[in-house]
Amino acid sequence: MSNKESVSHRYVIAGIIFILIGLAVFAIRLTHSGTYAMPHGAAFYSALILLTLGGLLMWTGTRGFARWIVMIVAVIATLPCIYSIGGESQEVISLYATDAENNPVDLRLWIVDREDGAWVGMGREKAINHKLDGAKLEMLRAGKRVCVALSLNQDRSTTRVIHAMKVEKYTTARIGGALGFYPLEATPSTVVLRLDPCSA
């Protein structure tokens with residue numbers, strides 16, 4: 001009897017942990033000033049999955065093999081959630097752009113500064129699909145909205161330097177790189193864009 005109770009307690013604790021991780025995906029974004037940026041993509045759906053599965057683990061109707069399946073799926077769903085939480089734990093900006101179908105999209109990006117301005121980096125396909133090169137967009141940074149003009153830099157040495165600055169600045173990039181989830185060096189598909197203030 002005591003063994004059954006201890007097993008039950010372990011599942012309850014696991015369920016609470018999964019629920020807290022799912023909630024943290026949404027809550028971490030409240031630490032940034034300005035308009036709230038809703039999670040999207042893998043982070044959003046994984047968080048919803050964790051909230052649901054965490055509840056199922058604590059529900060008495062989930063038993064035996066089904067509970068183990070729930071545990072396995074929950075562990076898998078935890079990975080993109082942890083990455084999202086880590087990515088939002090340091091400075092992140094929003095660029096209000098459009099996608100390939102001209103739908104509005106909030107691009108959440110890491111940013112670095114050097115003497116010639118602010119820079120962001122991403123995959124070339126992402127930059128092309130959102131028509132970023134030469135665009136004038138609204139940027140939210142540190143709670144302030146400003147207009148910025150984006151220019152894609154084609155110089156590979158600059159791309160490597162900016163990417164290295166991102167890895168140095170962001171802990172999640174370094175951890176992700178060590179685990180093989182994030183490139184520690186710029187890849188051939190990596191591009192960087194400079195963000196200049198819009199001219200009056």
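None of the values given here were measured: they were computed from a predicted structure.

What am I meant to see in the overall build of the chain here?
When you go through the chain residue by residue, the secondary structure sums to six helices and seven strands. Helices and strands appear in the chain in the N-to-C order α-α-α-β-β-β-β-α-β-β-α-α-β. Principal axes of the C-alpha set define a box for the chain whose edges measure 75 × 30 × 30 Å. Across the 200 residues of the chain, 40% fall into the buried class. If you take every contact in the chain between residues at least 6 apart in sequence, the share linking residues at least 24 apart comes to 66%. When the accessible surface of the chain is summed, it comes to about 11,200 Å², and 64% of that surface belongs to carbon and sulfur atoms. If the 20 positive side-chain charges of the chain are averaged to one point and the 16 negative ones to another, these points end up 7 Å apart.

Explain the pairing of strand S6 (residues 144-153) to me, please; I cannot follow it from the model alone.
Every regular strand shows the same layout, with side chains that alternate between the two sheet faces. Bridge analysis of strand S5 (residues 136-141) against S6 gives six bridges, and the strand direction is antiparallel. Counted as the bridge partner of Leu140 is Arg145 from S6. In this structure, S6 lies alongside strand S7 (residues 190-197), joined through six bridges in antiparallel fashion. For Leu152, the partnering residue across the bridge sits in S7 and is Leu193.

Is there a simple way to explain the nonpolar core in this structure?
One broad rule of soluble globular proteins: the nonpolar side chains tend to lie buried together. Of all hydrophobic cores here, the largest spans 26 residues; its most connected members are Leu95, Leu132 and Leu195. Of all the secondary structure elements, the ones that give two or more residues to this core are strand S1 (93-98), strand S2 (104-109), strand S4 (117-123), S5, S6 and S7. Other than its neighbours up to four places away in sequence, Leu132 contacts Ala97, Leu107, Met122, Ala127, Leu137, Leu150 and Leu193. In this structure, Ala14, Ile21, Leu50 and Val70 belong to the second largest nonpolar core, which totals 16 residues.

What exactly am I supposed to notice about the environment of Tyr170 here?
You can see Tyr170 is positioned in the loop between helix H5 (156-169) and helix H6 (171-179). In this structure, the C-alpha to C-alpha distance between Tyr170 and Gln90, residues 80 residues apart in sequence, is 7.0 Å. In contact with Tyr170, other than residues within four places in its own chain, are Gln90, Glu91, Trp110 and Ile111. Within polar-contact distance, the side chain of Tyr170 engages the side chain of Lys169 at 3.5 Å.

Teacher, can you tell me more about the packing of aromatic side chains here?
When we look at a pair of aromatic rings, we describe it by the centre distance and by the angle of the planes. By the definition in use, this model includes five aromatic pairs. On the basis of an interplanar angle of 80° and a centroid distance of 6.1 Å, the ring pair of Phe26 and Phe44 is categorised as edge-to-face. A residue pair is termed long-range when its members are at least 10 positions apart, and Phe26 in helix H1 (residues 2-27) and Phe44 in helix H2 (residues 41-58) qualify at 18 residues. The buried category is assigned to Phe26, whose relative accessible area is 18%.

Sorry, what's going on with the state of the cysteines here?
Summed over the entire model, instances satisfying the criterion amount to one disulfide. Between Cys147 and Cys198 runs a disulfide, and the two sulfur atoms are separated by 1.9 Å. One quick way to see it: the torsion about the S-S bond of Cys147 and Cys198 is about -70°, and its sign makes the bridge left-handed. With a gap of 51 residues between them, Cys147 in strand S6 and Cys198 in the segment after S7 connect regions that are remote in the sequence. According to the relative accessible area criterion, Cys147 is partly exposed, its value standing at 39%.

For this particular structure, what's the right way to read a nonpolar patch on the surface?
A cluster of nonpolar side chains, namely Ile49, Phe65, Ile69, Ile72, Val73 and Ile76, defines an oily patch on the protein surface of about 570 Å² accessible area. No other element matches the five residues that helix H3 (residues 64-87) contributes to the nonpolar patch.

What is the right way to read the environment of Trp110 from this model?
Tracing the sequence through the fold places Trp110 in the loop between S2 and strand S3 (112-114). Measuring from C-alpha to C-alpha, the distance between Trp110 and Ala24 comes to 19 Å, with 86 residues separating the pair along the chain. Non-local contacts of Trp110, meaning those with residues more than four positions away in its chain, are made with Tyr83, Gly87, Glu91, Val92, Trp119, Val120, Lys166, Tyr170, Thr172, Ala173 and Tyr182.

Criteria and thresholds
Residues numbered from 1 in each chain as written. Predicted model: local features only at pLDDT ≥ 70, side-chain atom pairs only at ≥ 80, totals over all residues. Heavy atoms only, no water. Helix = DSSP H or I, 4+ residues; strand = E, 2+ residues; numbered from the N terminus. Buried < 20%, exposed > 50% of the residue type's maximum accessible area, 1.4 Å probe, protein only. Contact = heavy atoms within 4.5 Å. Areas by Shrake-Rupley, 256 points an atom, 1.4 Å probe, with all protein chains shown as cover. Lys, Arg positive; Asp, Glu negative; His and termini not counted. Charge placed at Lys NZ, Arg CZ, Asp CG, Glu CD. Pairing = 2+ DSSP bridges. Core = buried A, V, L, I, M, F, W, Y, C linked by side-chain atoms within 4.5 Å. Polar contact = N/O pair within 3.5 Å; in protein donor to acceptor, adjacent residues only side chain to side chain. Phe/Tyr/Trp six-rings, centres within 6.5 Å; stacked < 30°, edge-to-face > 60°. Disulfide = S-S within 2.5 Å. Patch = residues over 30% accessible without salt bridge, like charges linked within 9 Å, V, L, I, M, F, W, Y side chains within 5 Å. Salt bridge = Lys/Arg side-chain N within 4 Å of Asp/Glu carboxyl O.

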